[in-house]
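Chain by chain, the residues run as shown.
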Amino acid sequence: MRLATLLAWLLTVLVGAAMLWTWIARGGLRRERERRDGLPAPLIFGHALLAVAGLAGWILFLVSGSPTLAWASVGCVTLGFALGICTVTVWTPFPARRYRGRDPAEAIQTGESEPVITDEMITDFLDDVAAGRRAGELRPSVAVVVPVAHGLLAMTTLALAVGTAVHLH
């Protein structure tokens, strides 16, 4: 189980590093800084740092056999996982907002808006799905598959690390 954890952790970090690299290369950090409600850089980099620190601790645990290092690594992966969940939660777009007869800029400034999913949004979505099925183009995009794979690998890593650490006692 120790090596399975290492493998899952390595894969998780590699997929995460690829996502981070792509995000930075495409100007993600700059865009987030420019937005008033953008993701704080410490959230993104803290998530990555905790994952790498936990991986380093796990490798040291494998070499030394120290339960303390195993549990320290579990702590890192747990905190890193929590920051990853925060990142996904903050990053996930909210439904479109309708401003009921008010100027959108004024409504945004006063904070008087409520999330609304419109009939047009639902119709457009269903039209896109139907068109994709007819054309045989309904394929998951890399922008969805890679983060989902990263999240599933992270859950696997966390479960394996906790299971291994608990088994040490």
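Criteria and cut-off values
- Residues numbered from 1 in each chain as written.
- Predicted model: local features only at pLDDT ≥ 70, side-chain atom pairs only at ≥ 80, totals over all residues.
- Heavy atoms only, no water.
- Helix = DSSP H or I, 4+ residues; strand = E, 2+ residues; numbered from the N terminus.
- Buried < 20%, exposed > 50% of the residue type's maximum accessible area, 1.4 Å probe, protein only.
- Contact = heavy atoms within 4.5 Å.
- Areas by Shrake-Rupley, 256 points an atom, 1.4 Å probe, with all protein chains shown as cover.
- Expected span 1.5 Å × (residues − 1).
- Salt bridge = Lys/Arg side-chain N within 4 Å of Asp/Glu carboxyl O.
- Core = buried A, V, L, I, M, F, W, Y, C linked by side-chain atoms within 4.5 Å.
- Phe/Tyr/Trp six-rings, centres within 6.5 Å; stacked < 30°, edge-to-face > 60°.

Student: Explain the overall build of the chain here, please?
Tutor: Scanning the chain for helices and strands turns up seven helices and two strands. Reading the chain from its N end, one meets helices and strands in the order α-α-α-α-β-α-β-α-α. Counting across all 169 residues of the chain, residues that qualify as buried make up 24%. Contacts in the chain between residues at least 24 apart in sequence constitute 71% of all its contacts with a sequence separation of at least 6. Summing over all exposed atoms, the chain offers an accessible surface of approximately 11,300 Å²; the carbon and sulfur share of this is 68%.

Student: What's the story with helix 7 (residues 142-167) in this structure? I'm lost.
Tutor: One full turn of an α-helix is made of 3.6 residues, so residues set three or four places apart face in the same direction. Taking 1.5 Å per residue as the helical rise, helix 7 with its 26 residues ought to reach 38 Å, and the 37 Å between its terminal C-alpha atoms agrees with that figure. Of the residues making up helix 7, those classed as buried are H150, A154, T157, L158, A161, T164 and A165. On its buried face, helix 7 is in contact with helix 1 (2-25), helix 3 (41-64) and helix 4 (67-91).

Student: Mind showing me how you'd approach the pattern of salt bridges here?
Tutor: When the charged atoms of two side chains with opposite charge come close together, those side chains can pair. This model, assessed by the stated rule, comprises two salt bridges. Between E32 and R35 there is a salt bridge; the shortest N-O distance is 3.4 Å.

Student: When you look at the nonpolar core in this model, what are you seeing that I'm missing?
Tutor: A general feature of soluble globular proteins is that nonpolar side chains tend to end up buried together. L6, W9, V13, L55, W58, F61, A70, V74, V77, L158, A161 and A165 form the largest nonpolar core, which has twelve residues in total. When contributions to this core are tallied by element, the ones reaching two or more residues are helix 1, helix 3, helix 4 and helix 7. With five residues, the next largest nonpolar core counts W23, L39, L43 and I44 among its residues.

Student: So what exactly am I meant to see when it comes to the packing of aromatic side chains here?
Tutor: Ring pairs (aromatic) are described by centroid distance and by the angle formed between their planes. Counted under the stated rule, the structure contains two aromatic pairs. An angle of 40° between the planes, with centres 5.8 Å apart, marks the rings of W9 and W58 as tilted. Separated by 49 residues along the polypeptide, W9 in helix 1 and W58 in helix 3 bring together distant segments of the chain. W58 carries the same exposure label as W9, and that label is buried. For the ring pair W58 and F61, a centre distance of 4.8 Å and an interplane angle of 55° mean the geometry is tilted. With W58 and F61 both in helix 3 and three residues apart, this pair spans about one turn of that helix. With respect to burial, W58 and F61 carry one shared label: buried. Through pairs of rings, three or more aromatic residues link up here, namely W9, W58 and F61.

Student: In this structure, what is going on with helix 1? I would like to understand it.
Tutor: With 24 residues, helix 1 should reach 34 Å at 1.5 Å per residue; the first-to-last C-alpha distance of 34 Å fits that figure. Buried residues in helix 1 make contact with helix 2 (28-34), helix 3, helix 4 and helix 7. At the C-terminal side of helix 1, G27 shows a positive phi close to 85°.

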